[in-house]
Amino acid sequence: MNPFIQLGIRHDIVNAITELGFENPTPIQEQSIPVLLTGSNDFVGLAQTGTGKTAAFGLPLLELLDFEENHPQALILCPTRELCLQITNDLKNYAKNMRNVHVVAVYGGASISDQLHQIRRGVQIVVATPGRMLDIINRKAINFSNVKYVVLDEADEMLNMGFQEDIDSILSTTPDEKKTWLFSATMPSEVRRIAKKYMENPFELTMGTKNTGNENIEHEYYVVRARDKYAAFKRIVDFNPEIFGIVFCRTKIETQEIAEALIKDGYNADSLHGDLSQQQRDKVMKRYRERSLQLLIATDVAARGIDVNDVTHVINYSLPDEIENYTHRSGRTARAGKTGVSISIINGKELGKIRQIEKTLGKRFVKMEIPGGFDVVEKQLFALIHKVHNVEVNEQQIEQYLPRIMDEFKELSKEEIIKRFASLEFNSFLEYYKNAPDLNAPVDESRRSDSTGDRFNRTGMRSDFTRLFINLGSVDGFSRGDLLGYICNTAKISGKTVGKIDVKGVYSFFEVPNDDVAKVQTGFKGADFQGRDVRIEISGDSSNESRGGASNYKRREGGERREGGFRREGGNRERSGAPAGGGFRDFSGKRREDRGERRRRF
Ligand code: AMP
């Protein structure tokens, strides 16, 4: 039997939610639906967004109300217009096979007369933000004397936004005997107080431990110097070519500046903040939902109630002042059972704040190293290869050109063709990142190995060795042994002096004693391999201040979005000069990551 039927939900509704892909109840649905269906309890649910709480209260409401009657029987209060529309839409979807169900969304920033008109026609469920609801009550345009259920959704957010008095006034117009169901992601004392004030002996449900946040979120932080923050942020984004993220800033100005800088730098980004008109906000959200935008840069207030599935990363460009806001921010990812990553980019002084958040959430944050330039190049290259592999071929359209294409390539082997296709993008990635500096700020934690007096630096490499990059690799037919022979012959050094050799696809790394670096560089001057210039560079560090600075950051694949790419975006791409391939940026070398003037702005 369908598990929702077992919980007591009728067939009409189950058929509708099955179409939405609800096969099994989420934990909160499983536990709250039977309680709420009795209709006789007040209820407090401590649950994050994305856990399925809309259906947890929505399905019981649809079972309990009398839809033969056309007056308000349920009132759902929530903090934002976005959430209000989302809940209304969800309820309508659940009820699509039921007759005579009328749900109205009441929120500010839209025509009040339309909303009044809908109310006059008769509604059973009102979903509202507090300000507009109070306005309508004050106009005596609604009668709540028959309300049986009040839902306070994201109660902590409503209190954060200063709606306490409005909620008091609204609830005073509803009958004393109504039941109140309160949902909140966190349980600060203010929420406790309203629970006490409006409820009698409520049934309490806590999903996970208190204040823990979603288990599917991994928390990471990067320590950078303040002046490198923007460059580090971009490096992280570039290292995640399929990122679909929300970036949090503390102020509207910062939000706008970062979005503008990102757009100039070729990313699909836009900002969401309180100074935008409702129409502008809707436009930004529409583009984000449709994935024309890859990065949404937002303030805490503007991002409240954003309900977009599949957000892969939340990035705290600035840490929030309140720890509770960190929970809200990170809760925008890992929705509906998916995984997600919450990243904080901090300076050394903010480590204490990270420790505090760790303590409150009871979760360990993983310190990550900003990837080195070559790490990004490798990641971008393989993302591209992956994309080529999965591209949908338009057989009909391409067919007419195939003979000519085949003719162009007839002299080349399959290996040679693949190498050239890969090099097309790879050369520009490489050019863009070749002198990318190490952006990790030195902090006590990363110096730990120095204090033990051993001979290894924080990259795990011997400190008397230097790691060199060479633009030859396995696609050129080199194994480790071959490369060792080639290096020794060309640079005229002994094989014994060469340290670790790391052969990659189209490039490799090898280590030599610091004293031999100049000799190797001289030996390779003018060298060519099958007609190609051979390049040797000190890896990942243009300044030489920390030799061998190519990072050995922890490679973690978990939490990244695997499936699906980003839709191509016509207009905006042209405007922003962004690249044609989904998820990829313009690495044509026009823009330099290390352009001083941009870095200094932040
Ligand atoms: P909510 O916490 O209500 O905002 O729900 C988060 C997301 O999970 C929404 O996109 C829902 O459509 C989806 N969802 C809710 N319940 C289920 C379920 N039982 N099975 C699959 N998806 C669900």
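Small disclaimer: the values here were computed from a predicted structure and weren't measured. Each chain has its residues counted from 1, running along the sequence as written. Owing to the predicted nature of the model, reporting of local features is limited to residues with pLDDT of at least 70; listing and counting of side-chain atom pairs is limited to 80 or more, with chain, interface and lining totals taken over all residues. Each side-chain value is worked out from all heavy atoms of the structure, with water and hydrogens disregarded.

Draft legend 1. Looking closely at the side chain of Arg332. Mapping Arg332 onto the fold places it in the loop between helix H15 (323–330) and strand E13 (340–346). One buried charged residue, Arg332, forms no salt bridge at all, with the nearest opposite charge on Glu154 at 4.3 Å. Of the polar contacts made by the side chain of Arg332, one reaches the backbone oxygen of His328; its length is 3.4 Å. Here a helix means four or more residues in a row that DSSP labels H or I, a strand means two or more in a row labelled E, and each is numbered from the N terminus. For the exposure calls, accessible area comes from a 1.4 Å probe over protein chains only, and a residue counts as buried if that area is under 20% of its type's maximum, exposed if over 50%, partly exposed in between. Charge assignment: positive for Lys and Arg, negative for Asp and Glu; neither His nor the chain ends contribute. Basic side-chain nitrogens of Lys or Arg form a salt bridge, by our definition, when they fall within 4 Å of a carboxyl oxygen of Asp or Glu. Identification of polar contacts relies on pairs of N or O atoms within 3.5 Å, with a donor-acceptor requirement for protein atoms, meaning one able to donate a hydrogen and the other able to accept it, and with residues adjacent in sequence counted only if both atoms are side-chain atoms.

Draft legend 2. Inspection of the packing of aromatic side chains at higher detail. Side-chain rings of Phe, Tyr and Trp, where Trp is taken by its six-membered ring, are said to pair if the distance between their centres is within 6.5 Å; with planes under 30 degrees apart they count as stacked, over 60 as edge-to-face, and otherwise as tilted. Under the definition given, this model contains 22 aromatic pairs. Relative to Phe365, the ring of Tyr326 lies with its centre 5.5 Å away and its plane at 40°, an arrangement referred to as tilted. With a gap of 39 residues between them, Tyr326 in helix H15 and Phe365 in the loop between helix H16 (351–361) and strand E14 (366–368) connect regions that are remote in the sequence. With respect to class, Tyr326 is no different from Phe365; both count as buried. Cation placement over rings: the criterion is NZ of Lys or CZ of Arg within 6 Å of the ring centroid and within 35° of the ring normal. The ring of Phe244 carries the charged tip of Arg291 above its face, separated from the ring centre by 4.1 Å. A cation over an aromatic ring shows up here: Lys379 above the ring of Phe239, its NZ or CZ 4.2 Å from the ring centre.

Draft legend 3. Summary view of the sheet that holds strand E12 (residues 313–316). On the basis of which strands lie adjacent, the open sheet formed by seven strands has the order E10-E11-E9-E12-E13-E8-E14 and parallel pairing. This sheet does not close on itself; its edge strands, each paired only once, are strand E10 (269–272) and E14. The average undirected angle you get between the axes of adjacent strands in this sheet is 25°. As paired strands, strand E8 (residues 217–223) and E13 are joined by seven bridges and run parallel to one another. Bridge pairing in E13 places His219 opposite Ser342. Pairing between two strands is assigned when DSSP locates at least 2 bridges connecting them. Every axis in this analysis is a line fitted to C-alpha atoms, fitted for helices over the stretch in contact. Angles between the N-to-C directions lie between 0 and 180 degrees.

Draft legend 4. View of the site of the ligand. For the ligand, the set of nearby residues contains 15 residues, the closest of which are Asn24, Gln29, Gly52, Thr54 and Asn309. Between Lys53 and the ligand, the recorded distance is 3.3 Å, taken from a backbone N or O atom to an oxygen atom. Note that an oxygen atom of the ligand is positioned 2.9 Å from one of the side-chain N or O atoms of Asn309. Alone, the ligand offers 490 Å² of accessible surface; in the complex the protein occludes 82% of this. Across the shell around the ligand, the residue classes tally to four nonpolar, nine polar and two charged. For each domain, the first and last residues come from an automatic or database assignment. Counting residues domain by domain, the shell around the ligand receives three or more from each of domain 1 (3–206) and domain 2 (217–372). Residue proximity to a molecule or strand is established when one non-hydrogen atom of the residue lies within 4 Å of it. Under the convention used here, a 1.4 Å probe and the Shrake-Rupley method define accessible areas, while residue burial counts only the protein chains that appear. Each residue is assigned to one class: nonpolar for Ala, Val, Leu, Ile, Met, Phe, Trp, Tyr, Cys and Pro, charged for Asp, Glu, Lys and Arg, and polar for all the others, Gly among them.

Draft legend 5. The nonpolar core, seen in detail. In terms of nonpolar packing, the biggest core is built from 43 residues, with Phe57, Leu59, Leu62, Ile76, Ile125 and Trp181 touching the most fellow members. Other than its neighbours up to four places away in sequence, Trp181 contacts Leu36, Asn41, Phe43, Phe57, Pro60, Leu61, Leu64, Tyr149, Val150, Val151 and Leu152. Counting residues in hydrophobic clusters, the runner-up holds 35 residues, among them Val126, Ala128, Ile142 and Leu152. In this description, a nonpolar core means a group of buried Ala, Val, Leu, Ile, Met, Phe, Trp, Tyr and Cys residues linked to one another through side-chain atoms lying within 4.5 Å. Residue contacts follow a heavy-atom distance rule, with two residues in contact if any of their heavy atoms lie within 4.5 Å.

Draft legend 6. Region of interest: the sheet that holds strand E7 (residues 203–206). Strand order across the open sheet formed by seven strands is E3-E4-E2-E5-E6-E1-E7, with parallel pairing between neighbours. Taken across any chain shown, the strands that pair with only one partner, and hence form the sheet edges, are strand E3 (103–106) and E7. Across this sheet, the average inter-strand angle for adjacent strands is 10°, counted without regard to direction. Alignment of strand E1 (residues 43–46) against strand E6 (residues 179–184), held across four bridges, turns out to be parallel. In the sheet register, Phe43 faces E6, and the bridge partner there is Trp181.

Draft legend 7. Structural detail: helix H3 (residues 27–37). Within the sequence span of H3, burial applies to Ile28, Gln29, Ser32, Ile33, Val35, Leu36 and Leu37. Looking at the buried positions of H3, the neighbouring elements they touch are helix H1 (3–7), E1, helix H4 (53–64), E6 and E7. Positive backbone phi, approximately 70°, marks Gly39, located one or two places after H3.

Draft legend 8. Spotlight on the environment of Val498. By the secondary structure assignment, Val498 is in the loop between helix H22 (480–491) and strand E16 (501–503). By relative accessible area, which is 11% here, Val498 ends up buried. Sequence-wise, Val498 and Val512 are 14 residues apart; in three dimensions their C-alpha atoms are separated by 4.9 Å. Those residues in contact with Val498, other than ones at most four positions away along the chain, are Leu484, Cys488, Ile493, Phe510, Glu511 and Val512.

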